[in-house]
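# A structural walkthrough
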Amino acid sequence: VARFVCRSSTPNYLNCTYNIISHNVVNSGSLTIRGGAGGMQAYNYWGYINNNTIKNNEINGELGPLAGGIHFAYCGVFMIVENNMITDNTASRYGGGAFFNSESGGMEVGLINNTITRNSAGSTGGGFNARSAAITGGTLRVDVNNSIVWGNTSSEDIHISGDSSTSSTVVNAS
């Protein structure tokens, strides 16, 4: 399946199941883009991402590239990411496997029974990166349950990275 992009000005429901999203390359050059992803990108959505394989995707550039695999931004209420294989994705900056961010309002992400392996990021969060902008009222909570987060690389915070205004729990993860 080609790159998967959902954008909405108002919150919408998303249910993405049983897809293979692979071998996509996004090159932004020096353009200022807000976010982005090599594999899957959802802005202002809530819902479920289940039983997908997101692999061998890449995003490159200098100013805005986030997430080789998955990028969720401004997603209201919750996103459940369950039983997915997120592997071998690359981001030139943040979040090799995934990047989650909330700039206003609240967002919760549940990572359940996922395998997040061999992803790489040029800066932080080879496995995934999570950030919220507390200055604009953003809150973000990421809960990792029964997941494998292993073999990821980045220059710092190899597997999981987040900022001081992001809360998280990790249960039965290896």
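Residues numbered from 1 in each chain as written. Predicted model: local features only at pLDDT ≥ 70, side-chain atom pairs only at ≥ 80, totals over all residues. Heavy atoms only, no water.

Attention shifts here to the nonpolar core. Membership of the largest hydrophobic core comes to 25 residues, with the highest contact counts inside it found for Ile-49, Phe-72, Phe-100, Val-109, Leu-111, Phe-128 and Val-142. At the level of elements, strand S1 (4-17), strand S4 (40-50), strand S7 (70-73), strand S8 (77-82), strand S11 (98-102), strand S12 (105-112), strand S15 (128-132) and strand S16 (138-145) are the ones that each hand at least two residues to this core. Of the residues forming this core, the biggest block, four residues, is contributed by S4. Ala-37, Leu-66, Tyr-94 and Phe-99 belong to the second largest nonpolar core, which has five residues in total. (Core = buried A, V, L, I, M, F, W, Y, C linked by side-chain atoms within 4.5 Å. Buried < 20%, exposed > 50% of the residue type's maximum accessible area, 1.4 Å probe, protein only. Helix = DSSP H or I, 4+ residues; strand = E, 2+ residues; numbered from the N terminus.)

To continue, consider the packing of aromatic side chains. Across all of its chains, the model carries five aromatic pairs by this definition. Seen in terms of ring centroids, Trp-46 and Phe-78 are 5.7 Å apart; in terms of plane orientation they differ by 55°. Their pairing is tilted. Of this pair, Trp-46 sits in strand S4 while Phe-78 sits in strand S8, placing them 32 residues apart in sequence. Taking relative accessible area as the criterion, Phe-78 reaches 21% and is therefore assigned partly exposed. Between Tyr-48 and Phe-78, the aromatic rings sit 5.8 Å apart at their centres with planes inclined by 70°, giving edge-to-face as the arrangement. Here Phe-78 lies in strand S8 and Tyr-48 lies in strand S4, a separation of 30 residues in the sequence. Put simply, the rings of Trp-46, Tyr-48 and Phe-78 touch in pairs and so form one group of aromatic residues. (Phe/Tyr/Trp six-rings, centres within 6.5 Å; stacked < 30°, edge-to-face > 60°.)

Before going further, it helps to spend a moment on the pairing of S4. Among the 11 residues in S4, nine count as buried, and that is most of the element. Sheet topology note: the S4/S7 ladder contains four bridges and is parallel. Of the residues in S7, the one forming a bridge with Met-40 is Ile-70. (Pairing = 2+ DSSP bridges.)

Let's shift gears to the confidence of the model for the protein. Any residue range with low pLDDT should be treated as having predicted coordinates unsuitable for detailed reading. Predicted confidence across the protein gives a mean pLDDT of 79, with 70% of residues reaching 70 or more. Averaged over each element, pLDDT in the protein is lowest for strand S19 (residues 166-171) (56) and highest for strand S9 (residues 85-87) (97). (pLDDT = per-residue confidence, 0-100.)

Another point: the sheet that holds strand S10 (residues 90-91). Sheet architecture is open: four strands sit in the order S3-S6-S10-S14, paired in parallel fashion. Either end of the sheet is taken by a strand with one partner, and the two such strands are strand S3 (25-27) and strand S14 (120-121). Note: S3 against strand S6 (residues 58-60), three bridges, orientation parallel. Residue pairing for S6: Asn-27 is matched across the bridge by Asn-60.

Moving on to the pattern of salt bridges. Applying the stated rule across the entire model yields two salt bridges. A salt bridge links Asp-88 to Arg-118, with the shortest nitrogen-to-oxygen separation between them at 3.0 Å. On the criterion of sequence distance, the pair formed by Asp-88 in the loop between S9 and S10 and Arg-118 in the loop between strand S13 (115-117) and S14 is long-range, its members being 30 residues apart. Residue Asp-143 pairs with Arg-141 through a salt bridge whose shortest N-O separation is 3.2 Å. (Salt bridge = Lys/Arg side-chain N within 4 Å of Asp/Glu carboxyl O.)

Despite not being glycine, Asn-83 shows a phi value in the positive range, around 60°. Structurally, the position occupied by Asn-83 is in the loop between S8 and S9. Within the chain, Asn-113 stands out as a residue other than glycine whose phi angle is a positive 55°.

Within the secondary structure, Asn-114 sits in the loop between S12 and S13. Look at Asn-114 and you get buried, because its relative accessible area is 1%. It is 6.3 Å that separates the C-alpha atoms of Asn-114 and Ile-148, two residues lying 34 residues apart in sequence. Sequence-distant contacts of Asn-114, defined by excluding residues within four places in its chain, comprise Val-81, Glu-82, Asn-83, Asn-84, Asn-146, Ser-147 and Ile-148. A polar contact is formed between the side chain of Asn-114 and the backbone oxygen of Val-81, at a distance of 2.7 Å. Separated by 3.2 Å, the side chain of Asn-114 and the backbone oxygen of Ile-112 make a polar contact. (Contact = heavy atoms within 4.5 Å. Polar contact = N/O pair within 3.5 Å; in protein donor to acceptor, adjacent residues only side chain to side chain.)

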